[in-house]
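One-letter residues, chain by chain:
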Amino acid sequence: MCGRYATTTNPGRLAVELDAIDETDSADQSSFTNYNVAPTTQVLTVVERHDHGGEHDDPKRRIRRMRWGLIPVWTKAAEPGVPVKGKPLFNARADKAATTPSFRDAVKYRRCLVPMDGWYEWVVEPNGEKGAKGKVAKHPYYMAHADGSRLYMAGLWSVWRDRSQPESQPLLSCTILTTDAVGDLTRIHDRMPLPMPRQHWDAWLDPDHPAPASLLETPSEEAVADIVARPVPALVNSVRNNGPELLARVEDQKDAEQISLL
């Protein structure tokens, strides 16, 4: 699964790099730097859409801000313009999304990329300390490209509107697809976010055609061989902590030896 990640990009920079239109309408570009992104946070996504009324024109790549935690279109409103609260759908299984009611429509025509620097997972083991009977210890790890380059994960998105308030603003939300972990990453967790290689972006983001089923398959070990994991401080356990110190490698030998991937 993927329940936390880090990102240090901003929409303006991303738009330039991807030759995309920045639709975030954000004056504070630095507000998207987040070392501890959690569900329900506003995050950056990459989509391809036609201009309004330009269905016969080529779609354009766009940077959009969305709530992390997909809200199905049929969700009722708790109050005008506000959806009923429910369990955040921040992850969707890639092998089941096409047949899951909450995601199957998005799989066809509303797919996106979620840019990130890396993501966190926790290794859980019994806590052997005195007085800790029955408790577990959680050791956080950070997964990222060895060279520090940005990752782009496959995602789905939705547009929610309060049907009783036709003039209310639509709410955009997204989820990150997950797949079986492969290679050395299986030592950290049995699931991982689904990376989307650049050569498949056009097919994945195509708003007019379903994506090839092959893009939802678990990647090969070779495809993720340059993603490495390192132990990081327990500071990341709390979403209240947010800074570059969360990415520091833990040098304590006991923690570092839990899993040796580097």
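My aim in this report is to walk through the structure given alongside it, one point at a time.

What counts, and where the lines are drawn
- Residues numbered from 1 in each chain as written.
- Predicted model: local features only at pLDDT ≥ 70, side-chain atom pairs only at ≥ 80, totals over all residues.
- Heavy atoms only, no water.
- Salt bridge = Lys/Arg side-chain N within 4 Å of Asp/Glu carboxyl O.
- Core = buried A, V, L, I, M, F, W, Y, C linked by side-chain atoms within 4.5 Å.
- Buried < 20%, exposed > 50% of the residue type's maximum accessible area, 1.4 Å probe, protein only.
- Helix = DSSP H or I, 4+ residues; strand = E, 2+ residues; numbered from the N terminus.
- Pairing = 2+ DSSP bridges.
- Axes fitted to C-alpha atoms, helices over the stretch in contact; angles between N-to-C directions.

Another aspect to go through is the pattern of salt bridges. Taken as a whole and assessed by the stated rule, the structure comprises eleven salt bridges. Three or more residues are tied together by salt bridges with common partners; here these are Glu-23, Asp-51, Lys-60, Arg-62 and Arg-64.

With that settled, the discussion passes to the nonpolar core. Of all hydrophobic cores here, the largest spans 30 residues; its most connected members are Tyr-5, Trp-68, Met-116, Trp-119, Met-143, Trp-157 and Ile-176. Elements supplying a minimum of two residues to this core: β4 (42–49), β5 (60–68), β9 (111–116), β10 (118–126), β11 (136–145), β12 (151–160), β13 (171–180) and β15 (227–231). Per-element tally for this core: the top contributor is β12, with four residues. Ranked by size, the runner-up nonpolar core spans 28 residues in total, among them Phe-32, Ala-94, Leu-113 and Ala-154.

In this section: the sheet that holds β15. Reading across the sheet, the five strands line up as β3-β1-β10-β11-β15 and stay open at both edges, with antiparallel pairing between neighbours. With one partner strand each, in any of the chains shown, β3 (34–37) and β15 form the two edges of the open sheet. Averaged over all neighbouring strand pairs, the angle between strand axes comes to 30°, with direction disregarded. The sheet contact formed by β11 and β15 spans five bridges and is antiparallel. Within β15, the position partnered with Tyr-141 by the bridge is Pro-231.

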